[in-house]
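# Remarks on the overall topology
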Amino acid sequence: MSAYNNFRKYLRKELDDIQSAGLYKNERIIVSPQDAKIKIESGQELLNFCANNYLGLADNDELIKAAKKAMDTHGYGMASVRFICGTQDLHKQLEAGIAKFFGTEDAILYAACFDANGGVFEPLLSEEDAIISDTLNHASIIDGVRLCKAVRYRYANADMEDLERQLIAAQNQRFRLIVTDGVFSMDGNVAPVDKIYELAQKYDAMVMVDESHSAGVVGKTGRGTTEQFNLQGKVDIITGTLGKAFGGAIGGFTTGRQEIIDMLRQRSRPYLFSNSIPPYIAAAGIRMFELIDSTNELQDRLHDNTSYFVNKLKAAGFDIKPTQSAICAVMLYDAKLSQDMASRLQEEGIYVTGFYYPVVPKGQARIRVQISAAHRKEHLDKCIEAFTKIGKELKVI
Ligand SMILES: *Cc1c(COP(=O)(O)O)cnc(C)c1O
């Protein structure tokens, strides 16, 4: 009898439980590039309304060209961490590009934002310090905080009275860091970073914002919440991903104060003990920042598309969570209804996902629609039409 036999039985049962609870995640297989229109394995073409491809850059010709060119000039992989022999001119240029975009002092690259968040707290803070975290923060922030010895405080989502209470409770610690997502991905609301910053001033705390869903999206030119609230250069730490609006490939970063970035290069474990991002990703990233800096066309289109879509869906009678991002949560409340609606929409050629407990609170099931600059008006209209048709059919509106 191998030890695995009993373990297999255990796993089988757990997996069956996930399945019978209706929570088993199946992956739909796409056979085309990521775009407004995608093709799935069955041959069906769908309009995609569930990618984080906010600026529509995931199949952008300029980025593909830059990536291909970099393969010729800089090779395919680095086979090294940054501090041994994994730093090329491209990595330094991309870091400079990120800092320039956000108006910060320096930036450090990671394989993903999950790693950026996993590696940001532990090197900076210790048991004498406090981390004050929004309860709806991303899983990677929660994990990163767990790896750090600082005392943990939590405040209810975007609740400034609760944040103030936690700040008061944390006054005896040496240093305080407030951490929040810029945009909360299930509702689409923007964190009140202006008020967070005020409270931070009042109670002597630093501020960290994870701009993964807000960078490229929020603010007139897509610089994120610091642009929206006029706080450029004032937020101490920003983390973000290259895997959403910024081309959608892979890669994450931390950007902010010089000494913080310097310390992360010395002590951040996912940076020190994990491979350097490949040159073609760095090169495409450099090109991407040039592109969105040279014209505001994509950001403008995303903003226009989002307000067009949200207004039309509201006018049709849907219950939409207040949103200041490219995320539009269509509230259905009932878990089964969210699944039925999503699968009926797919039959109509609209690809969206229904979310329900435990991804969102019990009784808060919804369909999350994500808008992109890649969507044309006819795509949006087709989606609105399908929502209206199926919404009536299922008696949602
Ligand atoms: C997506 C996301 C991440 C993870 O980014 P990756 O680069 O895909 O690891 C981290 N934080 C937030 C808020 C996110 O939305």
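Conventions used here
- Residues numbered from 1 in each chain as written.
- Predicted model: local features only at pLDDT ≥ 70, side-chain atom pairs only at ≥ 80, totals over all residues.
- Heavy atoms only, no water.
- Axes fitted to C-alpha atoms, helices over the stretch in contact; angles between N-to-C directions.
- Helix = DSSP H or I, 4+ residues; strand = E, 2+ residues; numbered from the N terminus.
- Parallel < 35°, antiparallel > 145°, perpendicular 65-115°, else oblique.
- Left-handed = near helix turned anticlockwise from the far one by under 90°.
- Contact = heavy atoms within 4.5 Å.
- Nonpolar A, V, L, I, M, F, W, Y, C, P; charged D, E, K, R; others polar.
- Salt bridge = Lys/Arg side-chain N within 4 Å of Asp/Glu carboxyl O.
- Buried < 20%, exposed > 50% of the residue type's maximum accessible area, 1.4 Å probe, protein only.
- Domains from an automatic or database assignment.

### Considerations on the packing of helix α2 (residues 61–74) against helix α12 (residues 279–294)
- Packing of α2 against α12 leaves a shortest axis separation of 8 Å and a crossing angle of 140°. On the basis of the axis angle, α2 is oblique to α12. Every pair of crossing elements has a handedness; the one defined by α2 and α12 is right-handed. For the pair formed by α2 and α12, the contact residues are Glu62, Leu63, Ala66, Ala67, Ala70, Met71 and His74 on the first element and Pro279, Tyr280, Ala283, Ala284, Arg287, Met288 and Leu291 on the second.
- Looking at the contact of α2 with α12 residue by residue, the class counts come to 11 nonpolar, one polar and two charged.

### Description of the pattern of salt bridges
- Applying the stated rule across the entire model yields 26 salt bridges.
- For Arg287, the salt bridge goes to Glu290, with nearest N and O atoms at 2.9 Å. One end of the pair, Arg287, and the other, Glu290, are both in helix α12, three residues apart, so they sit about a helical turn from each other.
- Note on Glu290: relative accessible area 44%, which makes it partly exposed.
- Of the charged contacts in the structure, one is a salt bridge between Asp340 and Lys336, with a shortest N-O distance of 2.9 Å. One end of the pair, Asp340, and the other, Lys336, are both in helix α14 (residues 335–347), four residues apart, so they sit about a helical turn from each other.

### Concerning the domain arrangement of the protein chain
- Partitioning the protein chain into domains gives domain 1 (24–53 + 296–393) and domain 2 (61–294).
- Look at where the C-alpha atoms of domain 1 and domain 2 centre, and you get two points 27 Å apart.
- Facing the 22 residues of domain 1 at the interface are 19 residues of domain 2.
- Salt-bridge contacts for Arg366 lead to Asp187; the nearest nitrogen and oxygen are separated by 2.5 Å.

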